[in-house]
Protein chains: 2
Amino acid sequence: MAKATIADIAREANVSVTTVSRFINGNYGKMSEATKNRVQETVDRLQYHPRASAQKMRQDHTHVVGVIVADISNVFSSLLFKGIYTELQPAGYDVMLMNSNNSLGEESDEIGRLLSQEVDGLIIQPNARDFSAYASITDNRTPLVMVDRRSEGQPATVSSVTADNRESCLRLGLELARRGYENILPLSRTGSQISAQSSRVEGFQEAGERTGSLVMPMEVGDHGQEWIGKELDRTVSHLKGKTAIISLIGPLLFDLLDVFKGLDWSFPEDIGLVSFDDWSWSRYVGDGIYLLQQDPQALGQACAHNLLEQMGIAAETGEGDPYGASRQITLPVACIEAPSI
Amino acid sequence: MAKATIADIAREANVSVTTVSRFINGNYGKMSEATKNRVQETVDRLQYHPRASAQKMRQDHTHVVGVIVADISNVFSSLLFKGIYTELQPAGYDVMLMNSNNSLGEESDEIGRLLSQEVDGLIIQPNARDFSAYASITDNRTPLVMVDRRSEGQPATVSSVTADNRESCLRLGLELARRGYENILPLSRTGSQISAQSSRVEGFQEAGERTGSLVMPMEVGDHGQEWIGKELDRTVSHLKGKTAIISLIGPLLFDLLDVFKGLDWSFPEDIGLVSFDDWSWSRYVGDGIYLLQQDPQALGQACAHNLLEQMGIAAETGEGDPYGASRQITLPVACIEAPSI
DNA sequence: TTGTACGCGTTATCAA
DNA sequence: TTGATAACGCGTACAA
C-alpha cells in the first residue's frame, strides 16, 4: 500500500479532506469530539504524515533554514551549528547543513541548491571577498545572516555576527607589550579569500603602533611543519628581545606544538605562545596555554535569533521589508590566562 | 516581482512550459540550439531556480537525506557528518541534520519531522534500546542505516555501521595483561539507553576471563570530577597489583586528567591510562596517551555509501525490495601507542 | 521540434 | 460543524 494521503484518511474516516486538513493543522475549533477522535484514530492507524513538499506548494514558507559552514571538521563549525540548531528547532524550523570546504565554487553551488529548496532563511560563513557572490540571495529577498567573516560591500540589509576579533587582539597586544614582549608574530593559515584572521592581525598591528613593538604577520599557507619551523627559526634568530608567537586559528596550534618540539623551544622561557580557540584541551599541555577563545555556540544562537526576527517580520508584513531587524552583532572573545607567556 | 516560475520563463522566451521543463532537466535532445540559448538567457535573466517542493510532487524522490546524530558537540558526530556529506553531496543529495542530544523524545520527534520531509533515506545514531522506536521508518519503506550503536531486534533489512569496539578492547585487554596489569577499570558515561561503550566493556570482560585479570566496569553517570575522583581513589586503594583506567568515551578523558591532577596520580608510574577517541590532542599531554581511535569520517562514508546503494535499488526496482543491499559493516579501530601504560 | 492539458497532496475560500 | 473545489509549480503523456 502506497503512503497514505489526506484523501485516504478522509475516505476511511468518512469525512471530507477539509476536515482532515483542519485536524492536521490543529483547528479543532470547528469540529465535534466524535469526528476529531475518528480522524485521530485513522491517522494513527494508517501512520499518516503530512508531506512537507505538498504543504509548501500552498504556503509561502517552508520552515527550513539553510546553513553553510566553511569547514565542518573544525570544532568551531560544529559548535556554531549546535547554537543555531538549539535555537531553530524549538521554533519549528528544520536545518539543511552544507560544508563549503573553504571553496568558493562549492559555496556557490550550495547557495543555488538551498535557494532551490526554498529555504526561509540562510546563515553563511562566507568565503568570497566580495558580496556580489551572494547577490542572488538578496535578489530573492531571502533573509540572510553572515557569520564569523565579513565580505566587502555587504548591504546594510544583511546581518552580520562576528566575534570581537580586532579588539581582543588589540588588548592582547598591549598586554604582551606590558609584559615586556617586543616582537609579536601572528601566524595565520587562511583557506579562503576572507577570514576572521585578518581582523585579528589588524588588532595586533594597532597595538604595535601604540606601543612601538614589532608586529610581523606570517601567512603559512598550506606549508607543512618543516617549512614553518624553518621560517620561524630564521625569523626569530634575527630578532632582538622577547618574541611571542600567536596561532590565529585553532588547528594551527597542533602544528606549532610539534614545531616547538622539533626546534627544542620551550615556552614561556624561550618564546611566548598564545592561541585562538583550542576547544579546551590545551590546558593539559604543560601548565596550559594562554588563549583567546570565541564562543561559537553563542555566535550560532545569535545568528539564529536574528534570522528568526527577520523571518518573523517577513512573514508578518508579507511584501514588506524583511530586513528591518538587521544589524551588526559583535560577541566578546574570552581571554584565558596561562603561563605560556 | 514575485519569484519566477517555469511559466514566466516560457512566456518571456516565447516557448512552451514543456520546452522549459526539458531544458531544466537537461533534455537537450529535442531542442534546437536557438531555443536552447533563448531559454538559457531567460533563465539567467530572471534568476530562475526550479522549486524543489514542486518537483517533489511529481517525482517519487526528494534527493534529501536525513541524519540524526546523538551529540553534535562531540567531534565524533561532526566528523561522521563530514564523511556522510562528502559522499552524498557529489551524488546529488542534500542533507538535513538533526541533533537528538541523546534524548529519546527529541529523537522520536525528529524522525517524524524527517519523514514529513519525505527524505529518501535516513542515517541515525540511535538512542533507543529497542528497535520498535524506529518501526515507523521501516513501515514507510524508507532506507535506513544505523551507525555507531546497535539497537535490539533490528530487522535484517536495516544496515548497521559500527567500529570494531569489542575486538579492539579484547586485544587491548590482552595487551594490558601482557604488560603486567592485573586490574582494568573501564569508565563510561552513557547519555542514552545504548551506546558503543557497552560493546567495549564486553571486550574487556572477555579479556579478563581469558587472562584472569580483574575487570571492573564503572559507570560515572552525570557525576562531576569530585565524585569520580573519590570513587576511583577508594576503588584503587583496595586493589592489589597494577591498575589501568580506560576512558571509554573521548570527552571523559578531560575529566580524568583533572581527576588525576587532583589525586596527584601520574601515569604510567602510579596507574595506567588509556582513552578512546581523543581527536589527536592528547599526544601533547606529557609524553602522550595510549589511544583506541575510531575513524568517524570513514564510518560516515560507509553509511552514506550503503544508503546510496539502498536508495539506488529502491529507485531502480520501484516497488521492489529496497533492502537488498543491507548488511552489517564493521570498521577497524586504530591503536595509537604511547607511554601512558 | 514544440505545445496542451492533466494530476501530484495540500490548504484556503466559499458555500451549505 | 462540515464539504466541494480551485489553486500552488512542475513533469509528462499525448497531440500537433
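The structure displayed is predicted, hence computed values, not measured ones. (Residues numbered from 1 in each chain as written. Chains lettered and ligands numbered in written order. Predicted model: local features only at pLDDT ≥ 70, side-chain atom pairs only at ≥ 80, totals over all residues. Heavy atoms only, no water.)

### Notes on the nonpolar core
Short version of the rule: Here the nonpolar core consists of buried residues drawn from Ala, Val, Leu, Ile, Met, Phe, Trp, Tyr and Cys, with membership extended through side-chain atoms lying within 4.5 Å. The cut-offs for exposure are 20% and 50% of the maximum accessible area for each residue type, with area from a 1.4 Å probe on protein chains only; residues under the lower value are buried, those over the upper are exposed, and the others partly exposed. Between two residues, a contact is recorded if the distance between any of their heavy atoms is within 4.5 Å.
Of all hydrophobic cores here, the largest spans 90 residues; its most connected members are I124, Y134 and L144 of chain A together with I124 of chain B. For I124 of chain A, the residues in contact, after removing those within four places along its chain, are I68, E107, I111, Y134, I137, L144, V145, M146 and V147 of chain A. Formed by 48 residues, the second largest nonpolar core is a distinct cluster that contains L273 of chain A together with L185, L256 and L273 of chain B.

### Structural notes on the packing of aromatic side chains
We count it as follows: Centres within 6.5 Å are what make two rings of Phe, Tyr or Trp a pair, Trp counting through its six-membered ring; a difference in plane orientation under 30 degrees is then read as stacked, over 60 as edge-to-face, and the rest as tilted. Numbering goes from the N terminus for both helices and strands, where a helix is a DSSP run of H or I of at least four residues and a strand is a run of E of at least two.
Applying the stated criterion across every chain, the model contains 17 aromatic pairs over all chains. Where F254 of chain B meets W281 of chain B, the ring centres are 4.9 Å apart and the plane angle is 15 degrees; that geometry is what we call stacked. Placement of F254 of chain B in helix 11 (residues 252-263) and of W281 of chain B in the loop between strand 10 (272-276) and strand 11 (290-293) is noted, with a sequence separation of 27 residues between them. An aromatic cluster is defined as three or more aromatic residues linked by ring pairs; in this entry it consists of F254, W281 and Y284 of chain A together with F254, W281 and Y284 of chain B.

### Some thoughts on the interface of chain B and chain A
To keep things clear, this is the line we draw: Salt bridge, as applied in this entry: a Lys or Arg side-chain nitrogen positioned within 4 Å of an Asp or Glu carboxyl oxygen. For this analysis, a polar contact is any N or O atom pair within 3.5 Å, provided that within protein one partner can donate a hydrogen and the other can accept it, and provided that sequence-adjacent residues contribute only side-chain to side-chain pairs.
With 50 residues of chain B at the contact, the number on the chain A side is 50 residues. Scanning the region where chain B abuts chain A turns up 4 salt bridges. Its salt-bridge partner being R283 of chain A, residue D258 of chain B comes within 2.8 Å of it at the nearest N-O pair. The tally of links between chain B and chain A comes to 34 residue pairs in polar contact (both at pLDDT 80 or more). Contributions of two or more residues to the side of chain B that touches chain A are made by helix 4 (52-58), helix 5 (75-88), strand 2 (94-99), helix 6 (104-116), helix 7 (135-139) and helix 11 of chain B.

### Here we look at the protein's contact with DNA strand C
Stated formally: Any residue with a non-hydrogen atom lying within 4 Å of a molecule or strand is treated as near it. Residues are grouped as follows: Ala, Val, Leu, Ile, Met, Phe, Trp, Tyr, Cys and Pro are nonpolar; Asp, Glu, Lys and Arg are charged; every other residue, Gly included, is polar.
For DNA strand C, the set of nearby residues contains 26 residues, the closest of which are I6 and Y48 of chain A together with S16, T18 and R58 of chain B. Looking at DNA strand C alone, sugar and phosphate atoms form 53% of those within 4 Å of the protein. One nitrogen or oxygen atom from the side chain of T19 of chain B is found 3.3 Å from a phosphate oxygen belonging to DNA strand C. Listing elements by their share of the surface near DNA strand C, those giving two or more residues are helix 2 (17-24) and helix 4 (52-58) of chain A together with helix 2 (17-24) and helix 4 of chain B. Broken down by class, the residue content of the surface near DNA strand C amounts to 9 nonpolar, 12 polar and 5 charged.

### Re the pattern of salt bridges
Residues and elements named next belong to chain A. Following the criterion strictly, the structure yields 34 salt bridges over all chains and no others. With its nearest N and O atoms 3.8 Å apart, the salt bridge here joins R171 to E167. Highlighted residues: R171 and E167, both in helix 8 (residues 165-178), separated by 4 residues, approximately one helical turn. When its relative accessible area of 35% is taken as the criterion, E167 is described as partly exposed. Each of R166, E202, E206 and R210 takes part in one network of salt bridges that share partners.

### Here we look at the protein's contact with DNA strand D
Looking at DNA strand D, there are 27 residues lining it, with S16, T18 and R58 of chain A together with I6 and Y48 of chain B nearest. The sugar-phosphate backbone supplies 57% of the atoms of DNA strand D found within 4 Å of the protein. Taking R58 of chain A, its side chain carries an N or O atom lying 2.4 Å from a base nitrogen of DNA strand D. Going through the elements one at a time, helix 2 and helix 4 of chain A together with helix 2 and helix 4 of chain B are the ones with two or more residues in the surface near DNA strand D. A breakdown of the residues in the surface near DNA strand D according to their chemical character gives 9 nonpolar, 13 polar and 5 charged.

### Thoughts on the environment of V43 of chain B
Locating V43 of chain B in the fold gives a position in helix 3 (residues 33-46). Separated by 107 residues in the primary sequence, V43 of chain B and R150 of chain B place their C-alpha atoms 48 Å from one another.

### Quick word on the relation of the copies chain B and chain A
Note the threshold: When the copies are superposed, the least-squares fit draws on C-alpha atoms of residues that have pLDDT of at least 70 in both.
Once chain B is rotated about the relating axis by 180 degrees and shifted along it by 0.0 Å, it coincides with chain A to within an RMSD of 0.1 Å. Such a combination of rotation and displacement between the chain copies is what one expects of a two-fold axis. The overlap is high: 100% of the interface residues of chain B also sit at the interface in chain A, so the same surface is used on both sides.

### Some details on unusual backbone geometry
All names here are of chain A. Looking along the chain, the bond that leaves F267 and enters P268 is cis, with omega of 0 degrees. Turning to its location among the elements, P268 is positioned in the loop between helix 11 (252-263) and strand 10 (272-276). Look at H63: it is not a glycine, yet its phi comes out positive at around 60 degrees. Topologically, H63 is positioned in the loop between helix 4 and strand 1 (64-69).

Don't take any of this as a statement about function, it's just geometry.
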